[in-house]
Amino acid sequence: MAQSKAHIKAANKYNAKAYDRIALLVKKGERDKIKAHAVSKGLSLNAYINALIKSDMDKKD
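Residues numbered from 1 in each chain as written. Predicted model: local features only at pLDDT ≥ 70, side-chain atom pairs only at ≥ 80, totals over all residues. Heavy atoms only, no water.

## Some details on the pattern of salt bridges
Part 1 of the argument: What the rule picks out here adds up to two salt bridges.
Part 2 of the argument: The salt bridge partner of Glu30 is Lys33, with a shortest N-O separation of 3.3 Å. Taken as a pair, Glu30 and Lys33 lie in helix H2 (residues 30-40) at a separation of three residues, close to a single helical turn.
Part 3 of the argument: The salt bridge involving Lys54 is made with Asp58; its shortest N-O contact spans 2.7 Å. Taken as a pair, Lys54 and Asp58 lie in helix H3 (residues 45-58) at a separation of four residues, close to a single helical turn.
Part 4 of the argument: Residue Lys54 is classed as exposed on the basis of its relative accessible area, which comes to 52%.
Part 5 of the argument: On the accessibility criterion, Asp58 (46% relative accessible area) is partly exposed. (Salt bridge = Lys/Arg side-chain N within 4 Å of Asp/Glu carboxyl O. Helix = DSSP H or I, 4+ residues; strand = E, 2+ residues; numbered from the N terminus. Buried < 20%, exposed > 50% of the residue type's maximum accessible area, 1.4 Å probe, protein only.)

What follows is the structure, given as C-alpha cells:
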C-alpha cells in the first residue's frame, strides 16, 4: 500500500525529533555483505549495527 505525502511528511517530522542520524561509510560492496549477514541473523541492517554498538558499549573493559 502506497503512503500518502502527508503520512511520509509526518513520519519524517517524527523521525527528525526522535532520532539522531549517523553517516557510516564503507567500501563499495561491503554494505551488501553486511546487510546479507544482518538478514541471516533476522535483523535489518540498522538493527544489526545498533545491536553491535550496544553490545560493544555494554562490555566491561
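## Some details on the environment of Val39
Part 1 of the argument: As for its placement among the helices and strands, Val39 is situated in helix H2.
Part 2 of the argument: Separated by 34 residues in the primary sequence, Val39 and Lys5 have C-alpha atoms spaced 29 Å apart.

## Observations regarding the confidence of the model for the protein chain
Part 1 of the argument: A residue-level look at the protein chain finds 98% of positions with pLDDT of 70 or above and a mean pLDDT of 95.
Part 2 of the argument: Here helix H1 (residues 5-18) stands out as the element of the protein chain with the lowest mean pLDDT, 96, in contrast to H2, whose mean of 98 is the highest. (pLDDT = per-residue confidence, 0-100.)

## A closer look at the packing of aromatic side chains
Part 1 of the argument: Evaluated as defined, the whole model comprises one aromatic pair.
Part 2 of the argument: Where Tyr14 meets Tyr19, the ring centres are 6.3 Å apart and the plane angle is 80°; that geometry is what we call edge-to-face.
Part 3 of the argument: Given the relative accessible area of 53%, Tyr19 is considered exposed. (Phe/Tyr/Trp six-rings, centres within 6.5 Å; stacked < 30°, edge-to-face > 60°.)

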